[in-house]
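If you want the building blocks of each chain, they are given just below.
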Amino acid sequence: MSIRKRLAAIAILPLAVALLFSLYVIHKDRHLRDHRKELQFATTLAQDVFDLNFLSDRYLIYQERQIKDQWLTKHDAIGKRLAEKRFADRGNEQLREKLRRVHREMGYIFTLLSNDLDTRNEVGNAGQPDERSERLSGVLLIKAREMFTAAVHLANKKQHELASIRERFNFSVIVLFIALASVISVISALSSRSIIASIARLRSGTEIVAAGNLDHRVEPVADDELGRLARAFNEMTERLQSADANLRNSVAALRLEVEERKRAEEKARSLNDELEETIAALEEEIADHQQTGEELRDKERLLIIQSRQAAMGEMIGNIAHQWRQPLNLLGLIVQGLPESSDRGEINAEDLKVSSNKAMQVIFHMSQTIDDFRNFFRPDKEKVSFKVCDAVSRALSIIEGSFTSSMITIETRAMGDPVIHGYPNEFSQVLINILLNARDAIEERKVDNPRVTITIDTKDDKAVVIIADNAGGISEEIMDKIFDPYFTTRGPDKGTGVGLFMSKIIIEKNMNGALAAHNVGNGAEFRIEV
């Protein structure tokens, strides 16, 4: 019998045993699953009965209509659960029937008791229990305890049954595993004896040939795989003899080749020196490119500073707008104090109220200065910030100039997305776009001027849309508005770097997108980050 057939027999027998074992495990697993469902039913039933007992106690104490409705709902649910379930085990089925009987009795007793209590409440005798109600209450509590005890007993019994089935299943698995291992071991031991002997002869022959005796041959004992392997070994030994002779002839040729390679190595060294010189030149060129890149980044940072400095004059005007009304209010408060004193109408309380109002105005003016100072402070690193906060910060800086120009700003927040980037630079972009919209509205004298800011989220990106009703941007210059130093307001009113730096900040520094187009009766700028 060949080794392949013997090994096939060894492999098929465990597979057959494993198949039978798998069928057994599937059957037992189905059995365990059924018992788990029954245990879950019993556990849930015990919890429901406990809840019913709790509602019974609460109803007897408070006698509220809501508790009565909860009791009836829970009682009906338990009744449906008991009616739908059937147990294969006779003892468990008897417990279920007992629970159904006690359940019906509790329902009947609770109905009588609740009717008596409702009748007394209607005639105004609440709080004066009679002997019948006390008896019904006691019987209800006894039945509730009896039903809870039976439900807990059913759950414990199902738990013990499940544990017993698991223990028997685990024991049978161990026994089958030991039997399978024993069968495989016996068959393997019987089959390996002859295989080991043949392998020992092959190993001995291999050691002899490895020692240098290429004339040694291994005698095949059987006509199986090992016998064919022995014949193949003998053929290999003959080829080794032939190869050994060829190898000796090749050694001389290799010596000549070694000399040629030495000459080639000398030539390679020369080429390597030339290559190192080329690499050094490339490194110098790369260093020059890196220096150029640093210079470009420095120029870009300089443009950002120039953009902020260009906006500084505008910001000073915004401070004046922001402070005009608080200064008027502060002047009225200070002016009113001497007049009230002259008329004898001032007292300590009025003086305290006027002082508090003045301090509130001064705090508001100080907060305005802080907002402008924070705006001109450069961001050093990226942080996570809310888009709505950045919009509010930008509006707090420029709302005074918009109010004086009677321009309405409407903010529509469809959400509050969060961006990871530079909050001050993002606010600067918003201010640049809003100021351009204000200048266009003032230049064209638009009726009912309005600017709308929409905040939304699309495809996991924050979207801010700024639209005005100033008539839009001319199609002839639409492609040029983001070019550096391009402006339509003349050198005395604009530098032409605002929108250019806005596009750099959004698209390069924050990996977003900034675009503009005309919609309806105005222009719309769309920021996506």
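Everything discussed here concerns the structure shown above.
Residues numbered from 1 in each chain as written. Predicted model: local features only at pLDDT ≥ 70, side-chain atom pairs only at ≥ 80, totals over all residues. Heavy atoms only, no water.

Trainee: Can you explain the overall build of the chain? Please cite residues and give values.
Mentor: What the chain contains, in helices and strands, is nine helices and seven strands. In the chain, of all internal contacts separated by at least 6 residues, the share reaching a separation of at least 24 is 76%. Of the roughly 33300 Å² that the chain leaves accessible, carbon and sulfur atoms contribute 56%. (Helix = DSSP H or I, 4+ residues; strand = E, 2+ residues; numbered from the N terminus. Contact = heavy atoms within 4.5 Å. Areas by Shrake-Rupley, 256 points an atom, 1.4 Å probe, with all protein chains shown as cover.)

Trainee: A description of the pattern of salt bridges should follow, citing residues and the corresponding values.
Mentor: In this structure the tally under the stated criterion is 21 salt bridges. Between glutamate 105 and lysine 143 there is a salt bridge, with the nearest N and O atoms lying 2.7 Å from each other. Note that glutamate 105 is positioned in helix α3 (residues 90-123) and lysine 143 in helix α4 (residues 131-210), a separation of 38 residues in sequence. Of the residues examined, lysine 143 reaches a relative accessible area of 17% and is grouped as buried. Between arginine 526 and glutamate 528 there is a salt bridge, with the nearest N and O atoms lying 2.7 Å from each other. Look at arginine 526 and you get partly exposed, because its relative accessible area is 22%. (Salt bridge = Lys/Arg side-chain N within 4 Å of Asp/Glu carboxyl O. Buried < 20%, exposed > 50% of the residue type's maximum accessible area, 1.4 Å probe, protein only.)

Trainee: Let's hear about the nonpolar core: which residues, and what values?
Mentor: Formed by 44 residues in total, the largest nonpolar core has its most connected members in Phe426 and Ile527. Looking at this core, the elements that each hand over two or more residues are α7 (387-404), α8 (423-444), β4 (450-458), β5 (461-468), α9 (498-509), β6 (513-519) and β7 (522-528). Counting residues per element, this core draws most heavily on α8, which supplies ten residues. Ignoring anything within four residues of it in the chain, the contact list for phenylalanine 426 reads Phe385, Val387, Ala390, Ile419, Val464, Ile506, Met510, Ile527 and Val529. Counting residues in each nonpolar core, the second largest holds 29 residues, with Phe41, Ala46, Phe87 and Met106 among its members. (Core = buried A, V, L, I, M, F, W, Y, C linked by side-chain atoms within 4.5 Å.)

Trainee: Now, about the packing of aromatic side chains: what can you tell me, with residues and values included?
Mentor: Scanning the model with the defined rule gives six aromatic pairs in all. Here phenylalanine 385 and phenylalanine 426 contribute two aromatic rings whose centre-to-centre distance is 5.8 Å and whose plane-to-plane angle is 55°, an arrangement assigned as tilted. Of this pair, phenylalanine 385 sits in strand β1 (residues 383-386) while phenylalanine 426 sits in helix α8, placing them 41 residues apart in sequence. Assigned by exposure class, phenylalanine 385 and phenylalanine 426 land together as buried. When the ring of phenylalanine 482 is compared with that of phenylalanine 525, the centres are 6.4 Å apart and the planes differ by 85°; the resulting orientation is edge-to-face. Remark: phenylalanine 525 occurs in strand β7 and phenylalanine 482 occurs in the loop between β5 and α9; sequence separation between them is 43 residues. Counting every residue linked through ring pairs, the aromatic cluster contains Tyr59, Trp71 and Phe110. (Phe/Tyr/Trp six-rings, centres within 6.5 Å; stacked < 30°, edge-to-face > 60°.)

Trainee: Which residues make up the environment of aspartate 118, and what are the values?
Mentor: Here aspartate 118 lies in helix α3. For the pair aspartate 118 and glutamine 63, spaced 55 residues apart in sequence, the C-alpha to C-alpha distance is 8.6 Å. Apart from the residues within four sequence positions on either side, aspartate 118 is in contact with Tyr59, Arg65 and Lys68.

Trainee: An account of the pairing of strand β3 (residues 418-421) is needed here, citing residue identities and associated values.
Mentor: Consecutive residues of a regular strand have side chains that alternate between opposite faces of the sheet. Burial along β3 is one-sided: the residues Ile419 and Gly421 are buried and none of Val418 and His420 is. One ladder, built from four bridges, connects β1 with β3; its direction is antiparallel. Within β3, the position partnered with lysine 386 by the bridge is valine 418. (Pairing = 2+ DSSP bridges.)

Trainee: An account of the environment of lysine 382 is needed here, citing residue identities and associated values.
Mentor: The residue lysine 382 is located in the loop between α6 (348-375) and β1 in this model. The class of lysine 382 is partly exposed, set by a relative accessible area of 31%. Separated by 127 residues in sequence, lysine 382 and asparagine 509 place their C-alpha atoms 9.5 Å apart. Those residues in contact with lysine 382 that sit more than four places away from it in its chain are His420, Gly421, Tyr422, Asn509 and Asn511. A polar atom in the side chain of lysine 382 sits 3.3 Å from the backbone oxygen of asparagine 509. (Polar contact = N/O pair within 3.5 Å; in protein donor to acceptor, adjacent residues only side chain to side chain.)

Trainee: Report on the environment of glutamate 146, specifying residues and quantitative values.
Mentor: Summarising the element assignment, glutamate 146 is placed in helix α4. Using a relative accessible area of 25% as the deciding quantity, one classes glutamate 146 as partly exposed. Considering only alpha carbons, one finds glutamate 146 and leucine 99, 47 residues apart in sequence, at a separation of 8.7 Å. In this view, glutamate 146 contacts Lys98, Arg101 and Val102; residues no more than four positions away in its chain are not counted.

Trainee: Please set out α9 residue by residue, giving values where relevant.
Mentor: Note that an α-helix has 3.6 residues per turn; residues three or four places apart therefore point the same way. A rise of 1.5 Å per residue sets the reference length of α9, with its twelve residues, at 16 Å; its end C-alpha atoms lie 15 Å apart and thus fit the reference within 8%. In terms of residue burial, α9 counts as a mostly covered element, since nine of its twelve residues are buried. Of all the residues in α9, the buried ones are Gly498, Leu499, Phe500, Met501, Ser502, Ile504, Ile505, Ile506 and Asn509. A positive backbone phi angle near 55° is found at asparagine 511, which sits one or two residues after α9. (Expected span 1.5 Å × (residues − 1).)

Trainee: Explain a negative patch on the surface to me, using residue names and the numbers behind them.
Mentor: Taken together, the side chains of Asp273, Glu274, Glu276 and Glu277 present a region of like negative charge at the surface. Given a relative accessible area of 47%, glutamate 276 falls into the partly exposed group. (Patch = residues over 30% accessible without salt bridge, like charges linked within 9 Å, V, L, I, M, F, W, Y side chains within 5 Å. Lys, Arg positive; Asp, Glu negative; His and termini not counted. Charge placed at Lys NZ, Arg CZ, Asp CG, Glu CD.)

Trainee: Break down the sheet that holds β4 for me, citing the residues and quoting the values.
Mentor: Strand order in the open sheet formed by five strands is β2-β4-β5-β7-β6, and the pairing between neighbours is mixed. The open sheet is flanked by β2 (408-413) and β6, the only strands paired with a single partner. On average, adjacent strands in this sheet sit at an angle of 15° to one another, irrespective of strand direction. Here seven bridges tie β6 to β7, and the two strands are oriented antiparallel to one another. Paired with alanine 516 across the two strands is phenylalanine 525, which belongs to β7. Each of β4, β5, β6 and β7 is contacted by α8, which is oriented at about 15° to β5, the strand it contacts most. Against the sheet, α9 makes contact with β6 and β7, and its axis sits at roughly 130° relative to β6, the strand it touches most. (Axes fitted to C-alpha atoms, helices over the stretch in contact; angles between N-to-C directions.)

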